[in-house]
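# Architecture and fold: a report
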Amino acid sequence: MPRFRAILDTVPAYKAGKSVVSPDGRSYKLSSNETPYDPLPSVVEAVASAAREMNRYPDPAAAGLTAALAERYDVPAEHVALGAGSVTLAQQILQTVGEPGAEVVYAWRSFEAYPLLSDLAGVTSLRVPLTDATHDLEAMAAAITPGTRVVFVCNPNNPTGTVVRREELVRFLDAVPGDVLVILDEAYHEYVRDADVPDGLTLYRDRPNVAVLRTFSKAYGLAGLRVGYLIGHEPVAAAVRKVMVPFAINHLAQVAAVASLAAQDELLERVELVVKERARVREGLLAQGWEVPHTEANFVWLGLGDDTVPFADHCAAYGVAVRPYPPDGVRISIGTPEADDTFLTAAAEFRSSGRRG
């Protein structure tokens, strides 16, 4: 019998959002925070053309995409590192610090991959409970020890959609020791409309221990191609690049990401549709009597406690897949108006049955 690392006996597998089908054949996937819209036509055209080159290895340095990102954000190309989605970049970050005694601090509940990736990298997790579904940055700063190497701040937070604002975030960054790397995980940055939520790229420039993590999977609609990026000072980006698997960003993903950056105006029009639909869904839930935290992401959160799984099962009967996080609550991605209307109907029926809300 082959022998494997002991940690594999205790680490649970990552569970992706699932799809469901109602008895009458309806199926709405609101469990994975995907955009409800098809890829942009210009991006599809670029990928179709690039498909003729699938017999060749991709550019291992992804020079074209790196240059496009550097130009878009007015940063040196040396400050850009890439990965197969931001989750893989999080893995790369943890690999750069993973050794006995290393610790990582993050809020909980937050992105569900943090514990898994930390355990696999051999990094000890220090989870700081949310306060009112939001990061408690003061408590997170207090949790930092001499062993802390990395702190993740997910802003907006997944799965609650809540945010930390400029003043409190700057105060937190000022309190973090300079040898602790702070990752501002901004996977949902494009959906933020609160003017007091800072763009992490305005904070990293004069802070060598701060880096920003973003993805093309959400607002850009490239979840199926897997490409994300980190922007940080050269020592940080260089370390993250060193642990990247060769050719991890495939050729089609590189082409699609560059084309998406070129179609920014059209893409942001679609993002605005999601933002408006987000407001409609949240207002609908509030009108039904639910408590719904203000969200700046492309999803809403219901803290349901023991009713988390029953609520998800109830929605599934309507053909709506939501994301349960037992025993805390349910995350519901914003979809098409038809999908969202079906979800609101299911939520109203659950609420009227006298169960939690």
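Right, let's walk through the structure included here.

## Things to note about the environment of aspartate 328
The topology assignment puts aspartate 328 in the loop between strand E11 (323-325) and strand E12 (329-333). Spatially, the C-alpha atoms of aspartate 328 and leucine 302 are 8.6 Å apart, while their sequence positions differ by 26 residues. With residues near it in sequence (within four places) discarded, aspartate 328 still touches Arg109, Trp301, Leu302, Gly303, Leu304, Gly305 and Thr308.

## Points about the environment of valine 128
Take valine 128: it is sitting in strand E4 (residues 124-129). As for valine 128 and asparagine 250, which are separated by 122 residues in sequence, their C-alpha atoms are 36 Å apart. Leaving out residues up to four positions away in the same chain, valine 128 has contacts with Val105, Tyr106, Ala107, Trp108, Asp136, Ala139, Met140 and Ala143.

## Regarding the pattern of salt bridges
Applying the stated rule across the entire model yields 14 salt bridges. Between arginine 109 and aspartate 328 there is a salt bridge; the shortest N-O distance is 2.8 Å. With arginine 109 in the loop between strand E3 (103-108) and helix H4 (113-121) and aspartate 328 in the loop between E11 and E12, the pair connects residues that are 219 residues apart, well separated along the chain. Taking the shortest distance from any N to any O, the salt bridge between glutamate 112 and arginine 323 comes out at 2.8 Å. Of this pair, glutamate 112 sits in the loop between E3 and H4 while arginine 323 sits in strand E11; the two residues are 211 residues apart in sequence, bridging distant segments of the chain. Each member of the pair glutamate 112 and arginine 323 is classed as buried.

## Quick word on the packing of aromatic side chains
For the structure shown, the criterion picks out 14 aromatic pairs. On the numbers, 4.5 Å between centres and 20 degrees between planes, the contact of tyrosine 114 with phenylalanine 152 is stacked. Highlighted residues: tyrosine 114 in helix H4 and phenylalanine 152 in strand E5 (residues 148-154), separated in sequence by 38 residues. Take tyrosine 114 and phenylalanine 152: they sit in the same class, and that class is buried. Taken together, Tyr106, Trp108, Phe111, Tyr114 and Phe152 form an aromatic cluster joined through their ring pairs. The aromatic ring of phenylalanine 299 is capped on one face by arginine 331, whose charged end is 5.7 Å from the ring centroid.

## What about the sheet that holds E3?
Strand order in the open sheet made by the seven strands is E2-E8-E7-E6-E5-E3-E4, with mixed pairing throughout. Only two strands of the sheet have a single partner each, and these edge strands are strand E2 (80-83) and E4. On average, each strand axis in the sheet is tilted by 25 degrees relative to the strand beside it, whichever way the strands run. Two elements, strand E7 (residues 210-215) and strand E8 (residues 228-232), share five bridges in a ladder whose sense is antiparallel. Paired with leucine 213 across the strands is leucine 230, a residue of E8. Strands in contact with H4 are E3, E4, E5 and strand E6 (181-185); relative to E3, the strand with the most contacts, it is inclined by about 165 degrees.

Cut-offs used in this document
- Residues numbered from 1 in each chain as written.
- Predicted model: local features only at pLDDT ≥ 70, side-chain atom pairs only at ≥ 80, totals over all residues.
- Heavy atoms only, no water.
- Helix = DSSP H or I, 4+ residues; strand = E, 2+ residues; numbered from the N terminus.
- Contact = heavy atoms within 4.5 Å.
- Salt bridge = Lys/Arg side-chain N within 4 Å of Asp/Glu carboxyl O.
- Buried < 20%, exposed > 50% of the residue type's maximum accessible area, 1.4 Å probe, protein only.
- Phe/Tyr/Trp six-rings, centres within 6.5 Å; stacked < 30°, edge-to-face > 60°.
- Lys NZ or Arg CZ within 6 Å of the ring centre and 35° of its normal.
- Pairing = 2+ DSSP bridges.
- Axes fitted to C-alpha atoms, helices over the stretch in contact; angles between N-to-C directions.

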